[in-house]
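Commentary on secondary and tertiary structure
Letter by letter, the chains look like this.
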Amino acid sequence: MKVEMFELGPVMTNAYLVYDLQTKKGIVFDPGMNPDRLLQRIEKLQLEIEAILLTHAHFDHMGGVEEVRTHTGAPVYIHQEEEDWLGDPMKNGSGRWPMMPKLTARPAEHILVGGETLQLAGFQFDVLYTPGHSPGSISFYDGVHVFSGDALFRDSIGRTDLYGGSHRTLMDSIKKKLMELPGNTVVYSGHGPKTTINRERKSNPFLME
């Protein structure tokens, strides 16, 4: 598995391109706004993208969905709690910032509830329901890596003051879902550098509460 990160959009959101060079198949996680560099990389590698996986539907994580979906033909996966957020700028947050364009996207092709196992591009991901940052936040775990969206960061956690957020719910998700993963699990977050579960157990100040 190859994992490449692309910082996209006004708040430098991490989009991830995950692929196998032998099969030329891949997955995109959280395509943010202005995904040109991501699309150019897909073209250069001549990848067939099998899925666009959204950890949640805040504008900075879904701002490039339509461009990537149109370019690749890949279906979009999202949690049922945020199924309608793609078409609602007030819920996805783009309508709450005066300087932001109001972002919308067509409905997702696949709706998740958490607990599924997805077989995509030759990879297997368990869908972990990790709400708190938003009511439909999910993480994708393949046994080695977890794509945690804005639930867990290096030395930090997601904010919970946005629509549908809950600090108590987020802490419960982190402690009961993410911290239960093996310590050497690599965490690919929605912003900032990657980390590991062990590192966050030992040094994340929010987990010392």
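Here the structure is a predicted model, which is why all the values come from computation and not from measurement.

The tally for this structure, following the rule as stated, stands at eleven salt bridges. Note that R69 is salt-bridged to E109, the shortest N-O span being 2.9 Å. Within this pair, whereas R69 is found in helix α3 (residues 65-72), its partner E109 is found in the loop between α4 (89-92) and β6 (110-112), the two being separated by 40 residues in sequence. Residue class for R69 comes out buried when judged on its relative accessible area of 3%. Residue classification places E109 among the partly exposed residues on the basis of a relative accessible area of 40%. Across the pair D155 and R199 runs a salt bridge, and its minimum N-O distance is 2.7 Å. Remark: R199 occurs in helix α6 (residues 197-203) and D155 occurs in the loop between β11 (152-153) and β12 (156-157); sequence separation between them is 44 residues. Connected through shared salt-bridge partners, E66, R69, R106 and E109 make up one network.

This part covers unusual backbone geometry. Look at N34: it is not a glycine, yet its phi comes out positive at around 55°. Tracing the chain through its elements places N34 in the loop between β3 (25-29) and α1 (36-45). With a phi close to 55°, Q46 is a non-glycine residue in the positive phi region. Mapped onto the secondary structure, Q46 falls in the loop between α1 and β4 (48-53).

Buried within α1 are the following residues: L38, L39, I42 and L45. The buried residues of α1 occupy one face: seen down the axis, they fall within an arc of 135°. Exposed residues on α1 whose side chains face more than 90 degrees from its buried face are Q40, E43 and K44. Looking at the buried side of α1, the elements it contacts are β1 (2-8), β2 (13-20), β3, β4 and α3. The positive-phi residue at the C-terminal boundary of α1 is Q46, with phi of around 55°.

Here is what the cut-offs are and how they apply
- Residues numbered from 1 in each chain as written.
- Predicted model: local features only at pLDDT ≥ 70, side-chain atom pairs only at ≥ 80, totals over all residues.
- Heavy atoms only, no water.
- Salt bridge = Lys/Arg side-chain N within 4 Å of Asp/Glu carboxyl O.
- Helix = DSSP H or I, 4+ residues; strand = E, 2+ residues; numbered from the N terminus.
- Buried < 20%, exposed > 50% of the residue type's maximum accessible area, 1.4 Å probe, protein only.
- Arc of directions from axis to C-beta.
- Contact = heavy atoms within 4.5 Å.

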